[in-house]
Amino acid sequence: MLDKTYRPTEVESRHYARWQDAGAFACGRRAGAAPYTIVIPPPNVTGSLHIGHALNNTLQDVLIRWRRMQGRDVLWQPGTDHAGIATQMVVERQLENEGVRRRDLGREAFVDKVWEWKERSGGTITLQLQRLGASCDWSRERFTMDEGLSVAVRKIFVDLYKQGLIYRDKRLVNWDPKLETAISDLEVQSREVKGKLWYFKYPVEGAADRFITVATTRPETMLGDTAVAVHPDDRRYTELVGRHCILPLVGRRLPIVADEHADPEQGSGAVKITPAHDFNDFDVGRRHGLEMVNVLDPRGYLNENAPEAYRGLDRFEARDRVVADMEAQGLVERVEEHLHVVPYGDRGGVPVEPYLTDQWYVDAKTLAQPAIKAVDDGRTRFVPAQWTKTYYEWMRNIQPWCISRQLWWGHQIPAWYGPDGEIFVELTEADAKEAARTHYGTEAELTRDPDVLDTWFSSALWPFSTLGWPEETPEVARYYPTDVLVTSFDIIFFWVARMMMMGLHFMREIPFHTVYIHALVRDVKGQKMSKSKGNVMDPLELIDKYGADALRFTLTAMATQGRDIKLSEGRLAGYRNFVTKLWNAARLTQMNGCVPDPAFDPAAVGETLNRWIVGALTATVAEVTDYLDEYKFDQAAAAIYRFTWHTFCDWYLEFIKPVLQQGGDAAAAAETRATAAWALGRLLHLLHPFMPFVTEELWQQLGPKDAGMLITAPWPEADAALIDRDAAAEMDWVVQAVSEVRAVRGDLNVPASARPNLYYKIEEPHLENWINYNKDFITRASNSASLIPIHTPITEVSANAVFPGGTFTIPLQGVIDVDAERQRLSREVEKLTGEIARLDAKLANENFLAKAPAEVVEEQHERRTDAATAHAKLAAALARLPAT
RNA sequence: GGGCGCGUAGCUCAGCGGGAGAGCACUACGUUGACAUCGUAGGGGUCGCUGGUUCAAUCCCAGCCGCGCCCACCA
């Protein structure tokens with residue numbers, strides 16, 4: 001017997017372990033079946049499960065479980081990402097707490113520490129995913145720094161280098177002075193900051209008291225100025241072009257150049273040029289062959305290229321000093337408050353510097369072309385489609401990708417330098433030595449490039465590196481390309497685009513057919529969840545409180561395409577109640593002896609009630625399947641919720657009570673028991689991808705003996721022949737009639753004693769039983785002395801209209817608030833009068849009659865008739881109300 | 001500046017050419033009946049505004065207003 005309540009915690013861990021032990025998650029179990037592959041977006045190894053992961057992985061698990069039940073050979077490839085900067089920071093901070101500094105430790109020892117940390121704490125998120133119910137093939141778990149994946153990374157790097165698609169270049173990069181590394185454009189986040197705009201006067205050479213004014217938000221960079229630019233068409237400055245001015249504080253002669261970059265509308269129209277510290281100025285500098293003076297060191301302190309007074313100052317201290325010194329010399333024309341956007345490093349949290357260094361770049365523009373084409377051709381498709389445009393937008397304007405990082409944790413770049421700076425890029429040090437020997441004709445001392453690769457470089461290979469590439473493994477052959485990538489839009493550029501590029505270049509095939517982009521999960525107010533705001537919802541706490549199934553169902557039901565999810569606990573509680581409802585529905589069937597019959601044939605049932613539920617369930621199967629096919633998770637969840645609660649529980653289970661509990665027709669009862677058990681079983685199948693735990697538990701307790709585990713049971717077929725229209729129509733009548741009766745009684749404020757659940761009579765033998773079932777109530781109500789009998793006209797009309805063949809009387813008794821009833825009826829009558837007038841006008845409209853489809857016209861006619869009937873009923877009821 | 005999206009019930013959101021919907025919240029009644037709750041009923045909406053297309057617009061188109069996000073922008 002089922003417990004009175006469902007206890008998620010115990011059930012969840014038990015079934016997860018059983019599935020694992022049975023190898024239910026493993027790929028390759030069905031040799032002949034078509035493969036279905038999803039690679040997990042690898043969470044950072046430092047990560048712990050946040051609500052976004054919960055959504056992302058729930059959706060993947062829904063797809064995976066569903067396809068598995070459909071008989072596909074599914075592979076959900078799990079793993080974690082080494083997350084270069086993030087992990088290095090975590091371990092570094094931990095060591096600092098122990099009083100150890102990274103640089104004191106040295107590179108090798110530090111990297112060992114990181115590995116130690118990974119072995120100890122790196123599995124957290126994996127365990128958390130398991131609590132969510134994720135049915136990944138854990139036996140195939142990978143880590144981006146695994147030996148195999150590292151080989152793939154090296155091979156890709158070497159191949160791209162030899163193809164000229166990776167190169168080394170000296171140019172401005174975004175430099176994070178806190179982490180002391182280059183970062184890519186994507187890792188820069190713009191923040192709006194209130195700052196100042198300083199107008200500085202630079203003396204013009206050879207013209208006493210003549211100045212050219214430049215505006216800047218970054219006074220400290222003036223120390224690296226090497227020119228002043230004005231627009232070629234700006235007549236204010238025409239005569240100055242070609243002359244020089246003198247850089248205050250430094251004394252350098254700066255040429256005044258004409259360049260389109262200078263915007264006459266902005267500032268003073270003249271702009272100082274600092275090629276080593278500004279991307280635009282860098283370009284100007286290249287155009288005019290200007291000197292590039294770098295005044296900062298890697299930590300953002302002023303270096304030896306700055307005048308002595310400023311050396312060693314932090315860039316912000318230097319700013320204050322420069323302004324003060326300029327003021328002292330009377331060279332500050334004015335200062336304005338200025339709202340502007342400042343680039344910050346997304347990890348370091350400090351403003352990044354455009355910084356002149358040697359870095360490694362990927363020629364993304366070349367690699368992007370096939371990736372654009374693949375989407376153009378529809379070989380890879382975005383769902384929802386609107387993201388296609390975002391993808392194109394970025395791909396078409398793609399910039400060289402800076403892939404080197406001045407970190408210790410990551411894939412070290414397989415490049416070695418000879419004594420003269422010659423570069424040897426090879427898979428191994430031995431190969432590099434060999435190449436050097438060939439090059440120099442003798443043994444040469446080589447030093448390896450100390451930099452590591454951007455974490456996203458290895459992530460870009462994930463769909464095939466995890467399968468064993470560059471080895472020619474059976475897995476690569478079988479599971480690549482993958483079917484769908486499930487992710488959120490914030491990593492389309494970081495990850496999706498780059499997987500497309502690498503996949504197409506090296507595998508000659510797209511990495512996935514579909515990219516499903518889901519929403520972001522926000523808090524109730526629509527704000528991003530963040531630790532600093534204190535509005536994070538911890539999925540593990542939610543699982544503890546509501547159960548994994550409730551959390552999963554909530555996320556799935558709210559995963560509408562194209563809108564962010566504002567998660568509230570109220571919603572979660574609602575779906576927890578749904579789990580409870582399902583549990584109790586199962587209890588009801590059990591208590592009524594509904595045991596699965598292996599010989600049950602849904603096509604052979606005879607009772608209307610049973611034919612109806614078989615059909616309704618079949619329709620739901622089709623609906624859910626179709627919605628999942630289209631990645632409409634919310635609709636699929638809604639369809640199944642509706643059916644379970646509002647069809648199966650509210651009506652079917654209510655209807656079967658009299659059949660099963662009143663004796664009577666034994667054959668009908670037996671059929672009904674078998675049907676109920678069968679229907680519940682199907683329902684559990686449908687719900688399993690969404691709520692794996694409670695459904696598996698119920699299946700184990702109530703399913704057929706030897707039926708095995710639900711996780712590997714077959715997904716129901718929607719056999720259209722099972723949809724019985726006659727039964728559906730008949731039951732629709734019944735449902736409608738009962739609702740109408742309920743509405744009447746509800747409106748009358750009939751006291752409890754006079755309101756049994758439902759009672760009516762119809763020419764259906766098993767439903768007639770129901771009257772008997774409720775007889776006690778009716779009798780009791782009739783005998784109550786405190787009640788006055790009221791017969792409402794509506795009820796009479798309903799009885800005659802809805803059940804032409806049956807006698808149908810409802811002994812409604814009770815008290816009535818006549819004034820309230822009069823008000824209500826008046827309102828209804830008024831509404832209907834308006835409705836009728838509108839429909840009449842429509843039906844008199846020649847254009848409408850001429851152009852609208854016939855069935856629409858017919859429909860409007862029917863509505864006119866219905867409205868008139870209702871109007872008559874209500875008007876009569878109104879007239880018959882006793883005066884007060 | 002370029003791009004994308006969103007304004008529908010008190011709240012959170014579906015729907016998207018012919019009858020305005022769900023969940024939560026609210027009100028009333030009921031509940032020793034499978035229901036740590038559940039049932040039944042009810043109130044509540046100029047579907048952001050203005051035009052256009054159409055026989056017909058919450059839905060399609062344009063403009064406007066409000067909100068959000070992404071990209072670019074450190075004079």
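Note that the structure is a prediction, hence the values are computed from the model and not measured.

Draft legend 1. Representation of the pairing of strand β8 (residues 211–216). Among the six residues that make up β8, five are buried, leaving the element largely enclosed by the rest of the structure. With six bridges connecting them, strand β7 (residues 188–203) and β8 associate as antiparallel partners. Residue pairing across strands places F200 opposite V214, the latter belonging to β8.

Draft legend 2. Spatial organisation of the side chain of S404. Among the structural elements, S404 can be located in strand β17 (residues 404–405). The buried category is assigned to S404, whose relative accessible area is 0%. Within the structure, S404 has its side chain in polar contact with the side chain of Q359 (distance 2.6 Å). A polar contact of 2.9 Å, which involves the side chain of S404, links it to the backbone nitrogen of W360.

Draft legend 3. Structural view of the packing of aromatic side chains. By the definition in use, this model includes 40 aromatic pairs. With centroids separated by 5.3 Å and ring planes inclined at 75°, the aromatic side chains of W115 and W409 adopt a geometry described as edge-to-face. Of the two residues, W115 is situated in helix α5 (residues 107–121) and W409 in the loop between β17 and β18 (415–417); the sequence distance between them amounts to 294 residues. Residue classification places W115 among the partly exposed residues on the basis of a relative accessible area of 27%. When its relative accessible area of 1% is taken as the criterion, W409 is described as buried. Centre to centre, the rings of F648 and Y652 are 5.8 Å apart; their planes meet at 20°, and the pair counts as stacked.

Draft legend 4. Up close: the environment of S190. Topologically, S190 is positioned in strand β7. Through-space distance from the C-alpha of S190 to that of Y344 is 6.1 Å; in sequence the pair is 154 residues apart. Once residues lying within four places of it in the same chain are set aside, the contact partners of S190 are V341 and V342.

Draft legend 5. Main features of empty space enclosed by the protein. Across all of its chains, the model carries one cavity of 30 Å³ or more by this definition. For the largest cavity, the full set of lining residues is A24, A26, R29, R30, R68, R72, D73, V74 and T712. In terms of residue class, the lining of the largest cavity is made up of three nonpolar, one polar and five charged.

Draft legend 6. Spatial organisation of the pattern of salt bridges. Inspection of the entire model under this criterion finds 41 salt bridges. Among the ionic pairs, R379 bridges to D377, the shortest N-O distance being 3.3 Å. Of the charged contacts, one joins E434 and R437 as a salt bridge, the two residues approaching to 2.6 Å between their closest N and O atoms. One end of the pair, E434, and the other, R437, are both in helix α12 (residues 429–440), three residues apart, so they sit about a helical turn from each other.

Draft legend 7. Summary view of the side chain of R68. If you trace the backbone, R68 turns up in helix α2 (residues 51–69). Buried and unpaired, R68 has D61 as its nearest opposite-charge partner, separated by 5.4 Å. In terms of polar contacts, R68 uses its side chain to reach the backbone carbonyl oxygen of A24, at 3.3 Å. For R68, the contacting residues outside a window of four places in its chain are A24, F25, R30, V74, S135, I711 and T712.

Draft legend 8. How the structure looks around helix α18 (residues 548–557). The buried count for α18 comes to 10 of 10 residues, which makes it a mostly enclosed element. Among the residues of α18, those classed as buried are A548, D549, A550, L551, R552, F553, T554, L555, T556 and A557.

Draft legend 9. Inspection of the nonpolar core at higher detail. By size, the foremost hydrophobic cluster in this structure holds 179 residues, and its most contacted members are Y391, M395, F457, M502, F553 and F648. It is helix α21 (residues 633–661) that provides the largest number of residues to this core, a total of 16 residues. Excluding residues that lie within four positions of it along the chain, Y391 makes contacts with A371, I372, V375, F382, I492, A497 and M500.

Draft legend 10. Up close: the layout of surface pockets. In this structure, the second largest pocket encloses a volume near 1,200 Å³. Along the walls of the second largest pocket sit 43 residues, with T216, T217, R218, D278 and H340 positioned nearest its centre. Elements with a minimum of two residues in the lining of the second largest pocket: β7, β8, β12 (270–273), α8 (279–288), α9 (315–328), β13 (332–345) and β14 (353–362).

Draft legend 11. Broad picture of the packing of α18 against helix α23 (residues 692–702). It is at 7 Å that the axes of α18 and α23 come closest, and there the two elements cross at 125°. Judged by the angle between their axes, α18 and α23 are oblique. The residues of α23 that touch α18, namely those facing A548, D549 and R552, are P692, F693 and V694. Taken together, the residues that form the contact of α18 with α23 break down as four nonpolar, no polar and two charged.

Draft legend 12. Region of the structure containing the sheet that holds strand β23 (residues 512–518). Taken in spatial order, the three strands of this open sheet run β15-β23-β22, and their pairing is parallel. Each having just a single partner strand, β15 (381–383) and β22 (482–488) make up the two edges of the open sheet. Taken pair by pair, the neighbouring strands of this sheet meet at an average axis angle of 20°, ignoring direction. Pairing analysis gives three bridges linking β15 to β23, with the strands arranged parallel. Paired with V383 across the bridge in β23 is Y516.

Draft legend 13. Inspection of the confidence of the model for chain A at higher detail. Summarising the model, chain A shows a mean pLDDT of 82, and 87% of its residues fall at 70 or more. Ignoring residues within four places in sequence, the model shows residues 745–816, a span with pLDDT below 50, making 125 contacts including any to other chains.

Draft legend 14. Focus on helix α10 (residues 364–376). The terminal C-alpha atoms of α10, which comprises 13 residues, lie 18 Å apart, in line with the 18 Å expected from a rise of 1.5 Å per residue. Within the sequence span of α10, burial applies to A364, L367, A368, A371, I372, A374 and V375. Summarising the contacts, the buried residues of α10 are in contact with α7 (147–162), β14, β15, α11 (387–396), β16 (401–402) and α16 (492–507). At the exit of α10 stands G378, carrying a positive phi of roughly 80°.

Draft legend 15. Seen up close, the sheet that holds β7. The strand order across the open sheet formed by three strands is β8-β7-β13, and the pairing between neighbours is antiparallel. What marks the edges here is a single partner per strand, and that holds for β8 and β13. Strand-to-strand twist of the sheet, defined as the mean angle between neighbouring strand axes without regard to direction, takes the value 20°. The strands touched by α9 are β7 and β13; relative to β7, the strand with the most contacts, the crossing angle is about 25°.

Draft legend 16. Spatial organisation of the packing of helix α6 (residues 124–132) against helix α17 (residues 539–546). Contact pair α6 / α17: the axes reach a minimum separation of 11 Å and the direction vectors enclose 35°. Seen along the crossing, α6 lies across α17 with a hand that is left-handed. Contact residues: α6 offers Q128, R131 and L132, while α17 offers L540, I543 and D544. Its residues placed into classes, the contact of α6 with α17 shows three nonpolar, one polar and two charged.

Draft legend 17. Focus on the environment of H82. Looking at where H82 falls in the secondary structure, it is placed in the loop between β3 (79–80) and α3 (84–97). Accessibility expressed as a relative area gives 0% for H82, which makes it buried. Distance from H82 to P43, taken between C-alpha atoms, is 8.8 Å for residues 39 residues apart in sequence. With near-sequence residues (within four places) excluded, H82 lies in contact with V45, T87, F143, T144, M145, W409, G410, H411, T455 and S458.

Draft legend 18. Summary view of unusual backbone geometry. Following W469, the chain continues into P470 via a peptide bond in cis, with omega recorded as 10°. Within the fold, P470 resides in the loop between α14 (462–465) and α15 (474–479). Backbone torsion omega between Y480 and P481 reads -5°, so that peptide bond is classified as cis. Turning to its location among the elements, P481 is positioned in the loop between α15 and β22.

Draft legend 19. Representation of the environment of M500 in the model. Position of M500 among the secondary structure elements: in helix α16. Along the sequence, M500 and P463 sit 37 residues apart, while their C-alpha atoms lie 9.8 Å from each other. Among residues more than four places away in sequence, those in contact with M500 are A371, A374, V375, T380, Y391, I510, P511 and F512.

Conventions adopted
- Here the residue numbers are simple positions, counted from 1 along each chain's written sequence.
- For naming, the first written chain is A and the first written ligand is 1, with later ones following in the order written.
- Local features in this predicted model are restricted to residues whose pLDDT is 70 or higher, and side-chain atom pairs enter the listing and the counts only when it is 80 or higher, whereas totals over whole chains, interfaces and linings include all residues.
- Side-chain numbers here rest on the full set of heavy atoms in the structure, without hydrogens or water.
- Note on classification: 1.4 Å probe, protein chains only; a residue is buried when its accessible area is under 20% of the maximum for its type, exposed when over 50%, partly exposed between these limits.
- Under the DSSP-based scheme used, a helix requires at least four consecutive residues in state H or I and a strand at least two consecutive residues in state E, with every element numbered from the N terminus.
- The pairing criterion for strands is at least two bridges between them, as found by DSSP.
- Nitrogen and oxygen atoms within 3.5 Å of one another constitute a polar contact, given that in protein one can donate a hydrogen and the other can accept it, and given that sequence-neighbouring residues count only through two side-chain atoms.
- Within 6.5 Å between ring centres, the rings of Phe, Tyr and Trp (the latter by its six-membered ring) count as paired, and their orientation is classed by plane angle as stacked under 30 degrees, edge-to-face over 60, tilted in between.
- Residues count as neighbours in contact if any of their non-hydrogen atoms are within 4.5 Å of one another.
- A pocket here means an open set of points on a 1 Å grid, computed over the protein atoms alone, that has protein on both sides within 12 Å along at least five of seven lines. A cavity is instead a set of points where a 1.4 Å probe fits but cannot get out; residues with an atom within 4 Å of a point line either one.
- Grid points are joined across faces, edges and corners, and a volume is the space filled by probe spheres set on the points.
- Under this grouping Gly is polar, as are all residues other than the nonpolar Ala, Val, Leu, Ile, Met, Phe, Trp, Tyr, Cys and Pro and the charged Asp, Glu, Lys and Arg.
- By convention in these notes, a salt bridge is any Lys or Arg side-chain nitrogen within 4 Å of a carboxyl oxygen on Asp or Glu.
- Charged residues are defined here as Lys and Arg on the positive side and Asp and Glu on the negative side; His and the ends of the chain fall outside this count.
- Among buried residues, those of type Ala, Val, Leu, Ile, Met, Phe, Trp, Tyr and Cys that are joined through side-chain atoms within 4.5 Å constitute a nonpolar core.
- Here, axes are lines fitted to C-alpha atoms. For helices the fit covers the stretch in contact, and angles between N-to-C directions go from 0 to 180 degrees.
- Small angles under 35 degrees read as roughly parallel and large ones over 145 as roughly antiparallel, with 65 to 115 read as roughly perpendicular and the rest as oblique.
- pLDDT expresses how confident the predictor is about each individual residue, on a scale running from 0 to 100.
- One less than the number of residues in a helix, times 1.5 Å, gives the span that helix is expected to have.
- Helix crossings fall into two classes, left-handed where the near helix is turned counterclockwise from the far one by less than a right angle and right-handed where it is turned clockwise.

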